[in-house]
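Breakdown of the fold
The chain contents come next:
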Amino acid sequence: MDDTAIGLWGVPLAILAGAIRVSTPFIFVSLGEAITERSGRINLGLEGTLVFGAMTAYAIAVKTGSPWLGVIAAMAAGCVFGLIHGFICKFPRVNDIAIGIAMMQFGLGFAFFLGKPFIQPAAPKLPAIPLGGWSSFPQVQAALNINVLFFIGLALALFLFWAFRNTRPGLILRVVGDSTDAARAMGINPDRVRLVATALGGALAAVGGAYLSLYYPGSWNEGISSGQGLMAVALVIFARWNPINCFLAALLFGGAGALGPALQSVGVTQGYYLFYAAPYVLTLAILIATSSPKRALSGAPGELSLTK
Amino acid sequence: MTVEANERAISLDAGGKASMRPMLEWLARRAEPVAIGLAAILAGLAVFSLFIVAIGKSPIALFQMMYAGGFGSWFSIQNSLSRAAPLLLTALCVALPARLGLVIIGGEGALVLGGVAAAAAPALTGILPPYPTLALMALASMIAGGLWIGAVGFLRHYRGVNETISSLLLTYIAIALMNQLVEGPLRDPTSLNKPSTLPLPMDYMIGNIPGMDVHWGLVAGVAACLVSWILIEATSYGFAARMAGGNVRAAQIQGLPVGRLIVGFTAIAGSFAGLAGMFEVAAVQGSANGTLVAGYGYTGILVAFLARHNPLAIIPIAFLLGGLEASGGLIQRRMGLPDATVLALQGTLFLAILLCETFYGRFKIFNPDRWKRSL
């Protein structure tokens, strides 16, 4: 046995590394969705926004050579998607869940349409910070090679947790989410607040997409997302609309997603496809465990159609 | 045009012929969804045309190509009808629960599992003559799809789990299950590049409707739409379901078994999507494999919303969207546009049709209740 062999320790290590790597898009999408849902509206279209963001980021990074310009372009595109969703939902008799499904197809369609020429070229990747220099194991070094966006996501989760409670925009957001009538009585325009909240949510979801195409897996193709945008919506419910919980839940989901590849790396190939389904099964199990037909979910914004 | 004619008829009516009124009211109520729906589709096409102009192509050429590829010849019409067959069934998977107020988007998963169950059924029962085998396959696919979507309804009513999210999660789980089964226990060892189940013998395959190059799935789809329409419009179950869809609390106070209605309707809806999978296996592919994941479930969502969850309206709209999908290849070859053109157009139409929901009840001409009483 040589020094680089760490045997079965590779499994928890790979799950930890995978959790960090896979969770980053979940962090951004779920924080974005948390902002949107706190305003009392649900955007199921973040899957489309995520994929469109992935395409935009990749295309701009290929064209300009700068991955960060790609991320900014993705944010702008995600913002536009959020504005479209928020604008349409403003009208009476329009169902925000149905609009979300339509936005999903709209985003996927246009991402595949416009992204067709970018499947071949290679884009520059987002930088990672090597934190594993202390270890002599290459596996540990690889596991602790953590992308900058992960730390930005962590900082954002802490900031939002603070901002929801302690800032004026945070309070306005929560008032609108809990009672449209109360917000109107305070002279706040609920539609405008929800428009801004959906646009912010879209911009963050697109950053999640940019991470997918510019870091891990780090390429653009039509199968880039496998429902991350939608799982993040379920994750926000599980996290009870709390940004720090969103961050932790995203790590848990990332770990579940890394289970299959981690086991495969040590030679367990039985049931590979079933392990691949682990994040979905986990999401569903959590939804079943935390939902209830009798009472509203604790911490749920009062105007949210999802929990009414 | 017809709107103006209506208006003129009404003003004439004010002159004395009061007997015209019931007919006009009937006409006005029926005309509203048609007029608003057509306006929405035109608006969606107009927006998409702007996009096509912006990328430097001709939208007129595109629409001509769509017409030619979908409806221009007997060959392309048959192609469209073949694609409409699964759409009829997957659209019902959305439309039936929608009448109860549920937004279920997991038809793709039910279709995939239905296909796998249909492919597995002959292996489990051994050799039977063709017709019993096909009946068994249909039954297996309907049970698989029905359990899958029925579970969504069950979780919705008894656990309060959001049905939109759970149905989509179940689709991903269904696809993973299909991959596992097709790669593992159900795999035909001779299928090397594309893992598949054992192929159905040629003489067991479902043939075409006489005189057409379209398989019998189309007839099954149309029949399912008619049965669903009767179920919703002409039975006490359908009435109860519509009532629960309008106001759950009121329906419960009336003593309606809301839980059983929800589970029953979602199970029927899922069994239709499962049946679509069986036809894909027994009439098109010959075995279950990854090609079952073709997006019929997702297009079915659009069909159902365009039809406003009316099973009769699903029939022409499935044909229209089948034609749109059939023209994808032609658009790609002749115009050099990506194959996602159809998907992008579908997304645009979907948004347009939902946005136009807001116009219902806004036009006096369609709302007899707001007409002058003197009429």
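Look up: the structure comes first, before these words.
Note that the structure is predicted; figures quoted are calculated from it, not measured.

Scanning chain B from N- to C-terminus turns up 15 helices and 0 strands. For chain B, whose C-alpha radius of gyration is 23 Å, the value lies close to the compact-globule estimate of 21 Å for 375 residues. Expressed along its principal axes, the backbone C-alpha trace of chain B runs to roughly 80 × 60 × 40 Å. Within chain B, buried positions represent 54% of all 375 residues. Across chain B, the fraction of contacts at a sequence separation of at least 24, relative to all contacts at a separation of at least 6, is 75%. For chain B, the accessible area works out to roughly 16300 Å², and carbon and sulfur atoms hold 66% of it. Both charge centroids of chain B, one from 23 positive and one from 17 negative side chains, sit 9 Å from each other.

The next thing to look at is empty space enclosed by the protein. Residue and element names in this part refer to chain A. According to the stated counting rule, one finds 1 cavity of 30 Å³ or more in the structure shown. Estimated volume of the largest cavity: approximately 60 Å³. Lining the largest cavity, in full, are Ala17, Ile20, Arg21, Thr24, Ala142, Ala143, Asn145, Ile146, Asn147, Tyr211 and Tyr215. Considering each element in turn, the lining of the largest cavity owes the most residues, 4 residues, to helix 1 (residues 10-38). Among the residues making up the lining of the largest cavity, the classes are represented as 7 nonpolar, 3 polar and 1 charged.

As a further point, take the interface of chain A and chain B. The interface of chain A with chain B comprises 49 residues on the first partner and 48 residues on the second. Summing both sides of the interface, chain A and chain B together bury roughly 4000 Å²; the carbon and sulfur share of this comes to 77%. Joining chain A to chain B, the criterion identifies 1 salt bridge. Between Lys116(A) and Asp339(B) there is a salt bridge, with its nearest N and O atoms 3.4 Å apart. Counting the contacts that link chain A with chain B gives 11 residue pairs in polar contact (both at pLDDT 80 or more). Mapped by element, the contributors of at least two residues to the side of chain A that touches chain B are helix 3 (67-89), helix 4 (96-115), helix 10 (228-238), helix 12 (272-276) and helix 13 (278-290) of chain A. With 14 residues, the single largest contributor to the side of chain A that touches chain B is helix 4 of chain A. The class makeup of the residues in the side of chain A that touches chain B is 36 nonpolar, 8 polar and 5 charged.

Soluble globular proteins tend to bury their nonpolar side chains together. Core analysis: the biggest nonpolar cluster contains 206 residues, and Trp220(A), Met137(B), Ile165(B), Met278(B), Ile314(B) and Phe350(B) have the highest contact counts within it. Take this core: its biggest share by element is 14 residues, from helix 11 (residues 258-285) of chain B. Here Met137(B) is in contact with Ala118(B), Ala121(B), Pro122(B), Leu200(B), Met278(B), Val281(B) and Ala282(B), once residues within four sequence places are set aside.

Residue and element names in this part refer to chain A. Here helix 2 (residues 46-64) crosses helix 9 (residues 190-214) at 55°, and the two axes come no closer than 6 Å. Considering the angle they form, helix 2 stands oblique to helix 9. In the packing of helix 2 onto helix 9, the handedness of the crossing is right-handed. Residues Leu46, Thr49, Leu50, Gly53, Ala54, Ala57, Tyr58 and Ala61 of helix 2 pack against Gly201, Gly202, Ala205, Ala206, Gly208, Gly209, Ala210, Leu212, Ser213 and Leu214 of helix 9. Across the contact of helix 2 with helix 9, the residue classes tally to 11 nonpolar, 7 polar and no charged.

Here we take up helix 1 of chain A. Residue and element names in this part refer to chain A. In a regular helix each residue adds 1.5 Å, so 29 residues correspond to 42 Å; helix 1 covers 40 Å between its end C-alpha atoms and thus fits that length. At Ser23, helix 1 is deflected by roughly 40°, the largest bend along its length, and proline Pro25 occurs up to four residues later in sequence. Along helix 1, 24 of the 29 residues are buried, which leaves the element largely enclosed by surrounding structure. Looking one or two residues beyond helix 1, the residue adopting positive phi is Gly40, at roughly 90°.

This next bit is on a nonpolar patch on the surface. Residues and elements named next belong to chain B. Taken together, Leu226, Trp229, Ile230 and Leu312 make up a surface patch of nonpolar side chains, about 330 Å² in accessible area. Looking at the nonpolar patch, the element that brings in the most residues is helix 8 (residues 217-234), giving 3 residues. Topologically, Leu312 is positioned in helix 13 (residues 311-326). On the accessibility criterion, Leu312 (32% relative accessible area) is partly exposed.

This paragraph deals with the environment of Phe106(A). In this structure, Phe106(A) sits in helix 4. Judged by relative accessible area, which is 14%, Phe106(A) ranks as buried. Setting aside chain neighbours within four positions, we find Phe106(A) in contact with Phe81(A), Ile84(A), Gly347(B), Thr348(B) and Leu351(B).

So, about unusual backbone geometry. Residue and element names in this part refer to chain A. Residues Tyr216 and Pro217 are joined by a peptide bond in cis, for which omega reads 5°. With a phi angle near 55°, Arg240 is a residue other than glycine that sits in the positive phi range. Of note in the backbone geometry, Trp241 takes a positive phi value of approximately 60° without being a glycine.

Each value, and the rule that gives it
Residues numbered from 1 in each chain as written. Chains lettered and ligands numbered in written order. Predicted model: local features only at pLDDT ≥ 70, side-chain atom pairs only at ≥ 80, totals over all residues. Heavy atoms only, no water. Helix = DSSP H or I, 4+ residues; strand = E, 2+ residues; numbered from the N terminus. Rg over C-alpha atoms; globule rule 2.2 N^0.38 Å. Buried < 20%, exposed > 50% of the residue type's maximum accessible area, 1.4 Å probe, protein only. Contact = heavy atoms within 4.5 Å. Areas by Shrake-Rupley, 256 points an atom, 1.4 Å probe, with all protein chains shown as cover. Lys, Arg positive; Asp, Glu negative; His and termini not counted. Charge placed at Lys NZ, Arg CZ, Asp CG, Glu CD. 1 Å grid on protein atoms, 1.4 Å probe; cavity = no way out; pocket = protein on both sides within 12 Å on 5 of 7 lines; lining within 4 Å. Points joined across faces, edges and corners; volume = space filled by probe spheres on them. Nonpolar A, V, L, I, M, F, W, Y, C, P; charged D, E, K, R; others polar. Buried area = accessible area lost by both parts, 1.4 Å probe. Salt bridge = Lys/Arg side-chain N within 4 Å of Asp/Glu carboxyl O. Polar contact = N/O pair within 3.5 Å; in protein donor to acceptor, adjacent residues only side chain to side chain. Core = buried A, V, L, I, M, F, W, Y, C linked by side-chain atoms within 4.5 Å. Axes fitted to C-alpha atoms, helices over the stretch in contact; angles between N-to-C directions. Parallel < 35°, antiparallel > 145°, perpendicular 65-115°, else oblique. Left-handed = near helix turned anticlockwise from the far one by under 90°. Expected span 1.5 Å × (residues − 1). Bend = angle between axes of the 7 residues up to and from the residue. Patch = residues over 30% accessible without salt bridge, like charges linked within 9 Å, V, L, I, M, F, W, Y side chains within 5 Å.

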